[in-house]
Amino acid sequence: MIIRLYFLYPLSHFDLHSFHTLFCFTIDYNFWVVSEQRKMSSPSKRREMDVMKLMMSDYIVDTPNDRLNEFSVEFHGPKESAYEGGVWKVRVELPDAYPYKSPSIGFVNKIFHPNVDELSGSVCLDVINQSWSPMFDLLNIFEVFLPQLLLYPNPSDPLNGDAASLMMKDKKEYEEKVKEYCERYAKNNGKSAVEEDESGEEDISDGNYSSSDDEIPGRAEL
């Protein structure tokens, strides 16, 4: 792809006859366009690249059975907020059409927030649900979108009506409730949210599950 920009440049400062000469400047964007097209052309390659970028940015990513379309990421609450110190396991589901179709994300352990459903962990975030673009990636979600969501809740469009109502009525009490949830559900003595979940699975597999009927222990998927 070649873009040509045409400018009429006055040469009066250099020419006594004040002629106007047409200059054509050619800017070749071939390399940039081709590289972007290659990144977008294969959803599977883009999926691998985005997950790898998360891992290289020191995020703990748990990919069960090495599946890159469904995994979990450890997310830390933003500093200088009521969520600081909390660690959440965030599930991520990438559709086959990713990045052209937005991912599905949700909190696994509970969080008190107007725009997060307390039971399902689903997130109400316009940039993911409505205005997603293939130019966004997973790193944007965990470094920008989710931190902004926790820092600036929108109580006028809630998934958790109790949190939204409390935030509008009493901001201080709302923040205390947030911290209470953090202590109860998002802090585990330095153990990561992903490790905590994995240890729970190991306990079950090691036989630390009692059943009077000697049934095979199981664990419901989130």
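K.L.:
In this structure, what is going on with the pattern of salt bridges? I would like to understand it.
P.N.:
Think of it this way: side chains of opposite charge can pair up when their charged atoms draw near. All chains considered together, the criterion is met by 4 salt bridges. Arg46 is paired through a salt bridge with Asp50; the nearest N and O atoms lie 2.9 Å apart. Taken together, the residues Arg46 and Asp50, both in helix H2 (residues 43-56) and 4 residues apart, mark about one turn of the helix. Asp137 is paired through a salt bridge with Lys53; the nearest N and O atoms lie 2.5 Å apart. Taken as a pair, Asp137 in the loop between helix H3 (126-129) and helix H4 (138-151) and Lys53 in helix H2 lie far apart in primary sequence, 84 residues in all. Its relative accessible area of 8% is what places Asp137 among the buried residues. For Lys53, a relative accessible area of 30% gives the class partly exposed.

K.L.:
Teacher, can you tell me more about a nonpolar patch on the surface here?
P.N.:
There is a patch of nonpolar side chains on the surface, built from Met52, Met55 and Met56 and spanning about 320 Å² of accessible area. Within the secondary structure, Met55 sits in helix H2.

K.L.:
Looking at this structure, I do not really get the nonpolar core. What am I missing?
P.N.:
Soluble globular proteins tend to pack their nonpolar side chains together in the buried interior. Judged by nonpolar contacts, the single largest core of 40 residues is most densely connected at Leu54, Phe71, Phe107, Leu138, Ile141 and Phe142. The set of elements that each furnish at least two residues to this core consists of H2, strand E4 (70-76), strand E5 (87-93), strand E6 (104-107), H3, H4, helix H5 (161-169) and helix H6 (171-185). At 8 residues, H4 tops the list of elements feeding residues into this core. With residues near it in sequence (within four places) discarded, Leu138 still touches Asp50, Val51, Leu54, Phe71, Val92, Leu94 and Tyr98.

K.L.:
Help me understand the environment of Glu175, please; the structure alone is not making it clear to me.
P.N.:
You can see Glu175 is positioned in helix H6. Taking C-alpha positions, Glu175 is 8.7 Å from Tyr83, a pair spaced 92 residues apart along the chain.

Thresholds applied
Residues numbered from 1 in each chain as written. Predicted model: local features only at pLDDT ≥ 70, side-chain atom pairs only at ≥ 80, totals over all residues. Heavy atoms only, no water. Salt bridge = Lys/Arg side-chain N within 4 Å of Asp/Glu carboxyl O. Helix = DSSP H or I, 4+ residues; strand = E, 2+ residues; numbered from the N terminus. Buried < 20%, exposed > 50% of the residue type's maximum accessible area, 1.4 Å probe, protein only. Patch = residues over 30% accessible without salt bridge, like charges linked within 9 Å, V, L, I, M, F, W, Y side chains within 5 Å. Areas by Shrake-Rupley, 256 points an atom, 1.4 Å probe, with all protein chains shown as cover. Core = buried A, V, L, I, M, F, W, Y, C linked by side-chain atoms within 4.5 Å. Contact = heavy atoms within 4.5 Å.

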